[in-house]
Amino acid sequence: MGRPGSGPLSGVIVADFSRVLAGPYCTMLLADMGATVIKVESPQGDDTRGWIPPVRDDEATFYLSVNRNKHSIALDLNDPADLDVAHELAARADVLVENFKPGGLDRFFLDYDSVVRRNPEVIYASITGFGTGAGAGLPGYDLLVQAVSGMMSLTGGQDTEPYRAGLAMFDVITGLHAGMGVLGALHHKDLTGSGQRVELNLLSSALSGMVNQSAAYVTGGVIPTRMGNEHPSLYPYEPMPTGDGMLIIAAGNNPQFSKLCTALDIPEAATDARFCSPQHRNSNRAALREILQRELARRSAAEWFEFLSELGLPCAPIQDVKGGIELAEKLGLEPVVLAGTGDRRIPTVRHPVKFSQTPVTYDLAPPRLNESSDLVRSWLATREAQLVD
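For clarity, every value in this text was computed on a predicted model and none was experimentally measured. (Residues numbered from 1 in each chain as written. Predicted model: local features only at pLDDT ≥ 70, side-chain atom pairs only at ≥ 80, totals over all residues. Heavy atoms only, no water.)

1. Notes on the layout of surface pockets
Over the atoms, a rolling probe the size of a water molecule traces out where space has been left empty. Approximately 980 Å³ is the volume attributed to the largest pocket. Along the walls of the largest pocket sit 43 residues, with Arg 19, Val 20, Asp 47, Asn 99 and Phe 100 positioned nearest its centre. Looking at the lining of the largest pocket element by element, the count peaks at three residues for strand S2 (residues 36-41). Classifying every residue of the lining of the largest pocket gives 21 nonpolar, twelve polar and ten charged. Within this model, the second largest pocket holds a volume of roughly 840 Å³. As for the second largest pocket, its lining consists of 27 residues, and the residues nearest its centre are Thr 61, Phe 62, Ser 65, Val 66 and Val 349. Sorting the residues of the lining of the second largest pocket by element identifies helix H1 (22-32), helix H2 (61-65), helix H5 (142-148) and strand S13 (346-349) as the ones contributing at least two each. (1 Å grid on protein atoms, 1.4 Å probe; cavity = no way out; pocket = protein on both sides within 12 Å on 5 of 7 lines; lining within 4 Å. Points joined across faces, edges and corners; volume = space filled by probe spheres on them. Helix = DSSP H or I, 4+ residues; strand = E, 2+ residues; numbered from the N terminus. Nonpolar A, V, L, I, M, F, W, Y, C, P; charged D, E, K, R; others polar.)

2. Description of the pattern of salt bridges
Going through the model one piece at a time under the given rule, you end up with 20 salt bridges. Notably, a salt bridge pairs Arg 3 with Asp 363, separated by 2.7 Å at the nearest N-O pair. Taken together, the residues Arg 3 in the segment before strand S1 (13-17) and Asp 363 in the loop between S13 and helix H15 (373-388) connect sequence positions 360 residues apart. When its relative accessible area of 18% is taken as the criterion, Asp 363 is described as buried. A salt bridge links Lys 189 to Asp 94; the shortest N-O distance between them is 3.8 Å. Of this pair, Lys 189 sits in helix H6 (residues 169-192) while Asp 94 sits in the loop between helix H3 (80-92) and strand S6 (95-98), and the two are 95 residues apart along the sequence. (Salt bridge = Lys/Arg side-chain N within 4 Å of Asp/Glu carboxyl O. Buried < 20%, exposed > 50% of the residue type's maximum accessible area, 1.4 Å probe, protein only.)

3. Some words on the sheet that holds strand S9 (residues 237-241)
One open sheet holds the three strands; their spatial order is S9-S10-S11, and the pairing between them is antiparallel. The open sheet has two free edges, formed respectively by S9 and strand S11 (315-317), since each of these has just one partner strand. Strand-to-strand, the axes of this sheet are offset by a mean angle of 25 degrees, without reference to chain direction. Both strand S10 (residues 246-250) and S11 contribute to a ladder of three bridges, which runs antiparallel. The residue bridging Ile 248 from the neighbouring strand is Ala 316, located in S11. Together, S9 and S10 form the strand contacts of helix H12 (residues 285-296), whose direction differs from that of S9 by roughly 45 degrees. (Pairing = 2+ DSSP bridges. Axes fitted to C-alpha atoms, helices over the stretch in contact; angles between N-to-C directions. Contact = heavy atoms within 4.5 Å.)

4. With respect to the packing of H6 against helix H7 (residues 202-209)
Orientation of H6 relative to H7, taken along the N-to-C sense of each, is 95 degrees, at an axis distance of 9 Å. One finds that H6 runs roughly perpendicular with respect to H7. Two secondary-structure elements touch here, H6 through Phe 170, Asp 171, Ile 173, Thr 174 and His 177 and H7 through Leu 202, Ser 205, Ala 206, Ser 208 and Gly 209. When grouped by side-chain class, the residues that make up the contact of H6 with H7 number four nonpolar, five polar and one charged. (Parallel < 35°, antiparallel > 145°, perpendicular 65-115°, else oblique.)

As structure tokens, then:
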């Protein structure tokens, strides 16, 4: 069951009772760092196995994106024999991650209170949509949280309807927060020998992840509104048309703005009283936008990106995902890694953290349903025999 390599979480056993995105993203990051993750699925498999298109060799890319480096075992928790396996796994795990509805695991005696009786040092991470109190009965879907958190009220133009983000943003943020919580609990366990419950919910992660926008209300009493691609506090800080394509210009302070004006051959704009400070540029953004767009029309977005980047000025062309991957490759970031060995090697996106001493590994491709059943059952039986001896 052990993973090869010397990742920072080598030797940690994770029982993954989570489905879809937030939990599986968390456990994949832990697996990349060397943890042995056992993904428990229903006999029908994780819902995302059927979320198609797009596909790769008839497998959903959604599922493949968050499940590498894991083992899969299919268990029907309504079957007594399978439930015994689930109980044994929970009793042996260092970490258990679940995102059932609040109370959903109680009838199977896989809730925290039940698990901790057999496994007092367990770190038990629970992910819900809206917590376990008054919001326990609310369905926990990312899109719902994008709506109720206020995020969608910030996305889109002033004259458009609210828009969702182009990805399940708060599922991902919650997965990151869950990973951080598990790592904090593991450190505490190393110091004290004590496990604990780690609770997360999508709405709290959303409000935290909205940072300055949620703080605008909490700290400043201001309810922010959607401004399209404009920034409420900085200008220029938005996409602008060029001679060919859109280019994002970001000038966050006076030196950057002055340097931008020089690069665009309009040095007089840097000393114009209307644009002499961030506050003045914000107040007079319509006039400044007209000046900047006139100069940007002289070259393409790609040409401006190359020229301004060489001067150290923040800018970027708007690209599709293919362009983003290709840029990362050009910069030597090696964004694509092959997960798995032999005939089953699947291109996946590189783990975001680089460790100088304990590198991450990609030895296991996203598992086929129930692929590791025999391995997991054999390991549990061996562990049980060792405890009896």
